Amino acid sequence: DSITLLNISIPQDVKIVFIHHELRFKRISNSDLKSDPHKNYIRNTIKTIEYSILEKANAVVVFNEDDKKLLSDIGSEVIISPFGIPGKMICKLEASSSFNKFIFIGGSGHFPNREGLGWFFDKIYIPLYKKIEYPIYVIGNWDRDFRTKYKKYEKIIFTGFVPDIKYYYDDSILLCPILSGSGIRT
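Residues numbered from 1 in each chain as written. Predicted model: local features only at pLDDT ≥ 70, side-chain atom pairs only at ≥ 80, totals over all residues. Heavy atoms only, no water.

Enquirer: So what exactly am I meant to see when it comes to the overall build of the protein here?
Expert: Scanning the protein for helices and strands turns up six helices and seven strands. Helices (α) and strands (β) of the protein occur, in sequence order from the N terminus, as β-α-α-β-α-β-β-α-β-α-β-α-β. A burial count over the protein gives 38% of its 186 residues as buried. Counting contacts in the protein only where the partners sit at least 6 residues apart, residues at least 24 apart contribute 63% of the total. When the accessible surface of the protein is summed, it comes to about 11,900 Å², and 55% of that surface belongs to carbon and sulfur atoms. (Helix = DSSP H or I, 4+ residues; strand = E, 2+ residues; numbered from the N terminus. Buried < 20%, exposed > 50% of the residue type's maximum accessible area, 1.4 Å probe, protein only. Contact = heavy atoms within 4.5 Å. Areas by Shrake-Rupley, 256 points an atom, 1.4 Å probe, with all protein chains shown as cover.)

This is the structure:
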């Protein structure tokens, strides 16, 4: 985990700017620990550790106002980075007027993707499978166990990594069922 790199010995004259993609204590707050009686203890412990490590940086860069507010009292400067997508990467300039599929973009290696998509499949899509006509294209690399669990559902299509996403964007509804994590979804 990159945040622990702030614990290594760095000369004091070196300025440290840490790019913080995901606040761990916020992830715990947003997680499925709602019924755990120790959730607040776990969250506060993670927050204390995270703050003490982040204070070693001269500046911490986050991607949204909420994360900046949550880190406002760490003792380091907190900066919001404008999170733009380079113009050459924008492949869809206007919304579709009709739809024929769902898409989910992301891999199983990032736990919030796995947690959120599994929840969506198990709690929404599969219970309503016969009523929902649109297939779901899952774009990204997913482990064999996850793919096998949903293999019998013909409308759940794991594409793996695709070299060009333009085809999938056309006439699609982008799903983002993220239950935990922080930062910004792109």
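So, next bit.
Enquirer: Is there a simple way to explain unusual backbone geometry in this structure?
Expert: Negative phi is the rule for most residues except glycine; trans is the rule for most peptide bonds. Here Asp171, not a glycine, exhibits a phi torsion of approximately 55°, which is positive. By the secondary structure assignment, Asp171 is in the loop between α6 (166-169) and β7 (172-174). Residue classification places Asp171 among the partly exposed residues on the basis of a relative accessible area of 27%.

Enquirer: Looking at this structure, I do not really get the sheet that holds strand β3 (residues 77-80). What am I missing?
Expert: Two pairing modes exist for strands in a sheet, parallel and antiparallel, and in both the strands are linked by backbone hydrogen bonds. Strand order in the open sheet formed by three strands is β1-β2-β3, with parallel pairing between adjacent strands. Strands with a single pairing partner mark the edges of an open sheet, and in this sheet they are β1 (17-19) and β3. Here the strands of the sheet are splayed against their neighbours by 25° on average, with no regard to which way each runs. Bridging between β1 and strand β2 (residues 59-62) involves three bridges; their strand directions are parallel. When the bridges of β2 are listed, Phe18 appears paired with Val60. (Pairing = 2+ DSSP bridges. Axes fitted to C-alpha atoms, helices over the stretch in contact; angles between N-to-C directions.)

Enquirer: What is the right way to read a nonpolar patch on the surface from this model?
Expert: Nonpolar side chains collect at one region of the surface, where Leu5, Ile8, Ile10 and Val14 lie side by side and expose about 330 Å² of accessible area between them. Within the secondary structure, Leu5 is located in the segment before β1. Exposure remark for Leu5: the relative accessible area of 54% places this residue in the exposed category. (Patch = residues over 30% accessible without salt bridge, like charges linked within 9 Å, V, L, I, M, F, W, Y side chains within 5 Å. Salt bridge = Lys/Arg side-chain N within 4 Å of Asp/Glu carboxyl O.)

Enquirer: Help me understand the pairing of strand β5 (residues 136-139) in this model?
Expert: On a regular strand, each side chain points to the face opposite its neighbour's, so the side chains alternate between the two faces of the sheet. Of the two faces of β5, the one lined by Ile136 and Val138 and the one lined by Tyr137 and Ile139 are each fully buried. Examined bridge by bridge, strand β4 (residues 101-105) and β5 share four bridges and lie parallel to one another. Its bridge partner lying in β5, Phe102 is registered against Ile136. As judged from the four bridges shared by β5 and strand β6 (residues 156-160), these two strands associate in the parallel manner. Pairing of Ile136 across the sheet is with Ile156, part of β6. Viewed along the sheet, the connection from β5 through helix α5 (residues 144-149) into β6 turns out right-handed. (Right-handed = clockwise from strand over helix to strand, strands pointing away.)

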